[in-house]
Amino acid sequence: MSIYALFKGKGPSGFGYGSTAEEVTEALLLTGKTILVTGCNSGLGQEAMRVLAKRGARVLGTARTLEKAKTACDAVGGQTVPFACELSDPSSVRACVAAVKRGGYRLDALIANAGIMALPKRQLAHGIELQLFTNHIGHFMLVTGLLDQLADAGRVVMLSSAAHTMAPKAGILFDDLAGDHGYTAWGHYGQSKLANLLFAKELARRFAGTRRTANAVHPGVIRTNLSRHMPGFASFVFGLAGPLVLKSVPQGAATEVYVAVHPGAATTSGAYFADCNPATPRADADDPALAKRLWEVSESLVAGLPLAADSQASRVR
Ligand SMILES: NC(=O)c1ccc[n+]([C@@H]2O[C@H](COP(=O)([O-])OP(=O)(O)OC[C@H]3O[C@@H](n4cnc5c(N)ncnc54)[C@H](OP(=O)(O)O)[C@@H]3O)[C@@H](O)[C@H]2O)c1
């Protein structure tokens, strides 16, 4: 709990900046619910999995490797099932989709939580800038691949970030998805987080007329492994600021967990949440034409990705 949290009030949901994932689920019994969480071995995903399992949900936890997922699942009480899902490897994502389908799991919620941030040097996966590929394209494949498994009132929660405001003015650089021109660590992280937000918006539009929902969240600013690529000095300052202004991990996991399971969010779709309450993203995050275009471009990109056998071979670094 930071000092800042003491001065921040609660919002209309009854929760706010200082609420933890345990607090937002305090009155809930999630027995019989199945929830998939990506990035279950670290930070917010690990805490979300722990709390959801504690409340009785069966949690399908994904990590880059089965071994990482197993270790994370074993560390949590309750019912968990580990899956491998390396988001920058299409064959791994497809295998994860197939394994979840084979298991016959009906998903009450899917939390697309995994992510990487602010890579100092441009890296590529399959010709696409790596943050965009991992954070957006990998999750695009996973979520769209699992739509048949989503329950009638299933909820999709995309981890975006307030850093979506750092995306280029043009929004998504459709003509330069490799980041060949003017790569910046934060600009391209911002682009990937804007993509997560636009994906939630377009998915919500496609869910219209059903009980399914799709939303995006900003979890707050929390010191986790996500900052591993920050330069030493910035990381040091981040560490110093922690007790003053940053959220703790239990607080950081609250918004994604709230949107995934709380009855107060059951009928909200196409929204952007922060501190467990609806918030306002930057203007073009509400542009339906941009969201539709991103969906169509992502779909055609995914259609052109290699199938299992040659997936690793064609990976560009
Ligand atoms: N922490 C913050 O201040 C903050 C602020 C705004 C938004 N967010 C968002 O919140 C989400 C969770 O972040 P966090 O703070 O909990 O970070 P974290 O502790 O670094 O956890 C990120 C998770 O994503 C996984 N991951 C990374 N690359 C992957 C890949 N290629 N395939 C599969 N999994 C991959 C990591 O696995 P490994 O451990 O194996 O790398 C880890 O499990 C992210 O989407 C992030 O953008 C965080």
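Residues numbered from 1 in each chain as written. Predicted model: local features only at pLDDT ≥ 70, side-chain atom pairs only at ≥ 80, totals over all residues. Heavy atoms only, no water.

A closer look at helix H5 (residues 90-102)
At step 1: Along its 13 residues, H5 runs 18 Å from first to last C-alpha, staying within 8% of the 18 Å computed at 1.5 Å per residue.
At step 2: Here H5 has its buried residues at Pro-90, Ser-91, Ser-92, Val-93, Cys-96, Val-97, Ala-99 and Val-100.
At step 3: Each element contacted by the buried residues of H5 is listed here: strand E1 (34-38), strand E2 (58-63), strand E3 (79-84) and helix H6 (130-145). (Helix = DSSP H or I, 4+ residues; strand = E, 2+ residues; numbered from the N terminus. Expected span 1.5 Å × (residues − 1). Buried < 20%, exposed > 50% of the residue type's maximum accessible area, 1.4 Å probe, protein only. Contact = heavy atoms within 4.5 Å.)

Details of the layout of surface pockets
At step 1: Here the largest pocket defines a volume of roughly 860 Å³.
At step 2: The wall of the largest pocket is formed by 42 residues, among which Asn-113, Gly-115, Ile-116, Thr-224 and Leu-226 lie closest to the centre.
At step 3: The class makeup of the residues in the lining of the largest pocket is 19 nonpolar, 18 polar and five charged.
At step 4: Approximately 230 Å³ is the volume attributed to the second largest pocket.
At step 5: Around the second largest pocket sit 15 residues that line it, and Lys-33, Asp-108, Arg-155, Ala-260 and Val-261 are the ones nearest its centre.
At step 6: At four residues, strand E7 (residues 150-159) tops the list of elements feeding residues into the lining of the second largest pocket.
At step 7: Considering only residue class, the lining of the second largest pocket consists of 10 nonpolar, two polar and three charged. (1 Å grid on protein atoms, 1.4 Å probe; cavity = no way out; pocket = protein on both sides within 12 Å on 5 of 7 lines; lining within 4 Å. Points joined across faces, edges and corners; volume = space filled by probe spheres on them. Nonpolar A, V, L, I, M, F, W, Y, C, P; charged D, E, K, R; others polar.)

Points about the pattern of salt bridges
At step 1: The tally for this structure, following the rule as stated, stands at 12 salt bridges.
At step 2: In this structure, Glu-47 and Arg-50 form a salt bridge, with 3.0 Å as the shortest nitrogen-oxygen distance. Of this pair, Glu-47 and Arg-50 both sit in helix H3 (residues 43-54), three residues apart, which is roughly one turn of that helix.
At step 3: With a relative accessible area of 30%, Arg-50 lands in the partly exposed category.
At step 4: For Arg-106, the salt bridge identified is with Asp-152, shortest N-O distance 3.7 Å. Of this pair, Arg-106 sits in the loop between H5 and strand E4 (107-112) while Asp-152 sits in strand E7, and the two are 46 residues apart along the sequence.
At step 5: The network of salt bridges with shared partners includes Glu-22, Glu-47, Arg-50 and Lys-54. (Salt bridge = Lys/Arg side-chain N within 4 Å of Asp/Glu carboxyl O.)

Observations regarding the sheet that holds E4
At step 1: Strands sit in the order E3-E2-E1-E4-E7-E8-E9-E10 across an open sheet of eight strands; the sheet is mixed. The open sheet has two edge strands with one neighbour each: E3 and strand E10 (277-279). When strand polarity is set aside, the average angle formed by the axes of neighbouring strands in this sheet is 25°.
At step 2: When strand E8 (residues 213-218) meets strand E9 (residues 272-274), the two strands line up parallel, connected through three bridges. Residue Val-217 lies in a different strand from E9, and its bridge partner there is Phe-273.
At step 3: Across the face of the sheet, helix H10 (residues 254-261) comes into contact with E1, E4, E7, E8 and E9 while running at roughly 160° to E7. (Pairing = 2+ DSSP bridges. Axes fitted to C-alpha atoms, helices over the stretch in contact; angles between N-to-C directions.)

So, a nonpolar patch on the surface
At step 1: Together, Ile-3, Tyr-4, Leu-6, Phe-7, Leu-244 and Val-245 give the surface a local cluster of nonpolar side chains, amounting to about 640 Å² of exposed area.
At step 2: Those elements giving two or more residues to the nonpolar patch turn out to be helix H1 (3-7) and helix H8 (232-245).
At step 3: With four residues, the top contributor of residues to the nonpolar patch is H1.
At step 4: Counting through the fold element by element, Leu-244 comes out in helix H8.
At step 5: Under the relative-accessibility criterion, Leu-244 is labelled partly exposed at 48%. (Patch = residues over 30% accessible without salt bridge, like charges linked within 9 Å, V, L, I, M, F, W, Y side chains within 5 Å. Areas by Shrake-Rupley, 256 points an atom, 1.4 Å probe, with all protein chains shown as cover.)

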